Amino acid sequence: MRRTSVSRKIFVICNTTFLITMALLCLLPLVNLFAISLSGKSAANSGAVTFWPIDFTLLAYEKTFQNNNFIRSLVISFLRTGLGTVLSMFLITTAGYALSKDFRGRTQLMWFFVFTMLFGGGLIPTYLVNSALGLKNNFLVYVLPGAFSCYNLILIMNFFRSIPKSLEEAALIDGASFFTVLRKIYLPLSKAGLATVALFIMVGNWNEWFTGILYMSDTKNYPLASFLQVIVVQGNQQDLSLDPTSAAAMSERTIKAAQVFIGALPILLVYPFLQKYFVKGIVMGAVKE
Amino acid sequence: MKTEKNRERTKRAARTARVDWRKEFQHNWPLYLLVLPSVIFAIIFCYIPMGGLMMAFQNYKPWLGIFGSEFVGLENFRQIFEFKESYQAIINTLIISVSKIVLGLVVPVIMALLLNEVKQLGLKKCIQTLVYLPHFLSWVTVAGMLRDILGMDGIVNACLKALGMEPIFFLGEAGMFRQLVILSDLWKGFGFGMIVYLAAISNIDQNLYEAAEMDGANKWQQTLYITLPGIMPMIIVMATLSLGNVLNAGFDQIFNLYSPLTYSTGDIIDTYVYRQSLVNGQYSFGTAVGLFKSGIGLLLTAVAYKLAYKFAGYRIF
């Protein structure tokens with residue numbers, strides 16, 4: 001059975017080449033961006049940079065980290081991601097644990113939550129309600145409205161359901177309360193699952209850019225994602241704060257590339273941890289047998 | 001007399017139900033307490049805004065508020081199909097989303113089948129790591145890269161120039177915009193879409209392949225008659241569930257890529273709602289368009305879940 005035909009060999013070679021090409025296609029745009037951010041002005045502007053920096057310089061990064069608005073938005077991004085993730089995890093672990101049990105009204109509660117996934121108030125009503133709650137120009141708008149997510153709740157609930165019931169029953173008979181069971185049995189046993197969901201929420205919070213644009217009247221209060229949106233998409237160059245001397249040495253393009261790259265960097269850094277777990281998480285949550 | 005007895009019976013049933021609830025609560029109150037924070041968040045940030053959808057039936061004026069504005073019935077909805085712009089936005093949404101859905105189903109299945117043929121585990125792992133990555137980048141980042149790569153001095157135009165062709169301003173060409181949106185979405189999502197199929201493939205019983213090999217089936221036949229049928233339930237689930245996305249053409253993506261030059265082919269319902277309500281101040285009309293979209297979306301999702309349950313036994317919870 002070990003002999004392989006010539007056509008099979010050809011197929012394997014073509015297939016491997018094709019898949020490697022596709023994989024590189026996913027990486028090379030980021031490499032290009034990184035190379036541009038490290039290149040000199042003339043090389044970058046003429047479009048000569050491909051995947052290796054030309055006239056290597058760190059000037060774009062130096063300049064970026066001297067920009068107070070950039071630093072400020074970076075701090076806001078870290079704060080909102082931290083707080084947002086903690087609050088989300090609190091909400092969905094508590095509710096997820098409760099809903100993994102059978103009790104009266106569970107089905108109705110489930111539908112109550114699932115409906116939020118299927119239907120919503122839409123842009124303007126949501127905006128008006130959040131403004132009425134005093135969330136306009138308020139840091140909490142980054143944290144509160146998006147904290148609850150039914151999708152993540154279902155993910156966590158399914159993780160909890162996969163833990164053998166007998167463990168909990170034994171603890172309950174010994175007189176432990178539901179709270180103790182959650183803390184001492186469920187949380188430690190589903191560490192991997194919780195880590196996956198937490199990382200997903202972190203990435204989502206870090207990447208979220210629309211809230212800042214919608215609710216903040218001063219661009220100073222933007223998180224990094226909104227800050228980048230303004231620079232990259234709306235082409236607002238004020239925030240680049242290029243003074244004449246540095247403008248001679250580097251271009252708008254290299255600075256933009258540096259900032260976009262820094263914006264993606266935290267994602268690239270947590271990605272290895274994320275990847276370790278998320279395959280299992282996706283399959284368990286999205287596809288319940 | 002009979003009705004009297006019936007009434008007595010219902011009363012007693014109600015009383016026992018009440019006692020049941022009390023017992024239930026005495027025993028399970030921690031569970032109710034644990035769900036409470038999420039219930040409060042869902043009410044405040046999901047359900048109360050739904051009440052605001054009333055605006056869609058009004059001529060909403062911010063200074064009159066939602067209780068003081070004039071009621072106009074279905075007038076706003078009638079206008080959706082009267083304005084050329086909103087009509088065009090619906091058409092664009094359908095074209096873009098249906099293309100995305102079809103490619104988003106077919107390409108990941110093919111890629112998963114191809115990747116399954118790679119037998120070197122290290123290489124397979126490397127490829128997986130790289131193709132999942134774009135899913136986690138934000139559309140702002142991707143738009144930033146695309147704008148650079150496809151810009152007049154970008155790497156793509158540099159290639160065109162090297163080949164002696166005229167450079168093209170890709171993001172300003174209305175005729176290319178949809179293709180660009182569909183392809184960049186495919187680039188971002190195809191890897192991540194593979195995950196569920198790879199998992200389904202790994203769940204297929206290995207004995208089937210051995211048996212097929214004994215019977216003289218070649219690799220291609222094994223793929224066609226074992227692997228593909230093996231992952232068919234998953235394909236059906238994914239296909240039916242994607243029905244709920246027919247009106248979601250991707251706000252984040254298009255908002256960061258389009259411009260007035262490409263409104264004619266690239267403006268979708270969500271971006272149109274954004275411009276009409278927040279830029280032009282037509283709150284009620286914008287809300288009506290949004291409600292039109294989410295109403296149909298709800299209907300489609302409900303049908304999708306029903307179909308997924310019927311054909312593949314899939315349940316949300």
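For the structure given in this document, a descriptive report is provided here. (Residues numbered from 1 in each chain as written. Chains lettered and ligands numbered in written order. Predicted model: local features only at pLDDT ≥ 70, side-chain atom pairs only at ≥ 80, totals over all residues. Heavy atoms only, no water.)

**Topic: the side chain of Thr 265 of chain B**
Considering the arrangement of structural elements, one finds Thr 265 of chain B in helix H12 (residues 263-266). With a relative accessible area of 14%, Thr 265 of chain B lands in the buried category. (Helix = DSSP H or I, 4+ residues; strand = E, 2+ residues; numbered from the N terminus. Buried < 20%, exposed > 50% of the residue type's maximum accessible area, 1.4 Å probe, protein only.)

**Concerning the packing of aromatic side chains**
How two aromatic rings sit relative to each other is set out by the distance from centre to centre and by the angle between their planes. Within this structure, the stated rule accounts for 36 aromatic pairs over all chains. Measuring from centroid to centroid gives 6.3 Å for Tyr 97 of chain A and Phe 160 of chain A, while their planes differ by 80°, and the two rings are edge-to-face. Of the two residues, Tyr 97 of chain A is situated in helix H4 (residues 68-99) and Phe 160 of chain A in helix H7 (residues 150-161); the sequence distance between them amounts to 63 residues. Taking relative accessible area as the criterion, Tyr 97 of chain A reaches 0% and is therefore assigned buried. What makes Phe 160 of chain A buried here is its relative accessible area of 1%. Here the aromatic rings of Phe 81 of chain B and Phe 292 of chain B are separated by 5.6 Å at their centres, their planes lie at 85°, and the arrangement is edge-to-face. One end of the pair, Phe 81 of chain B, is in helix H3 (residues 75-82); the other, Phe 292 of chain B, is in helix H14 (residues 283-312), with 211 residues separating them in the sequence. Within the aromatic cluster, the residues linked to one another by ring pairs are Trp 209 and Phe 210 of chain A together with Phe 251, Phe 255, Tyr 258, Tyr 263 and Tyr 274 of chain B. One Lys or Arg, Lys 188 of chain B, reaches over the ring of Trp 139 of chain B and ends 5.1 Å from the middle of that ring. (Phe/Tyr/Trp six-rings, centres within 6.5 Å; stacked < 30°, edge-to-face > 60°. Lys NZ or Arg CZ within 6 Å of the ring centre and 35° of its normal.)

**Let's talk about the packing of helix H1 (residues 6-37) of chain A against helix H6 (residues 139-149) of chain B**
Contact geometry for H1 of chain A and H6 of chain B: axes closest at 10 Å, N-to-C directions at 75°. It follows that H1 of chain A is roughly perpendicular to H6 of chain B by the angle criterion. For the pair H1 of chain A and H6 of chain B, the contacting residues are Pro 29, Leu 30, Asn 32, Leu 33 and Ile 36 of chain A in the first and Met 145, Asp 148 and Ile 149 of chain B in the second. (Axes fitted to C-alpha atoms, helices over the stretch in contact; angles between N-to-C directions. Parallel < 35°, antiparallel > 145°, perpendicular 65-115°, else oblique. Contact = heavy atoms within 4.5 Å.)

So yeah, pure geometry; function would need other evidence.
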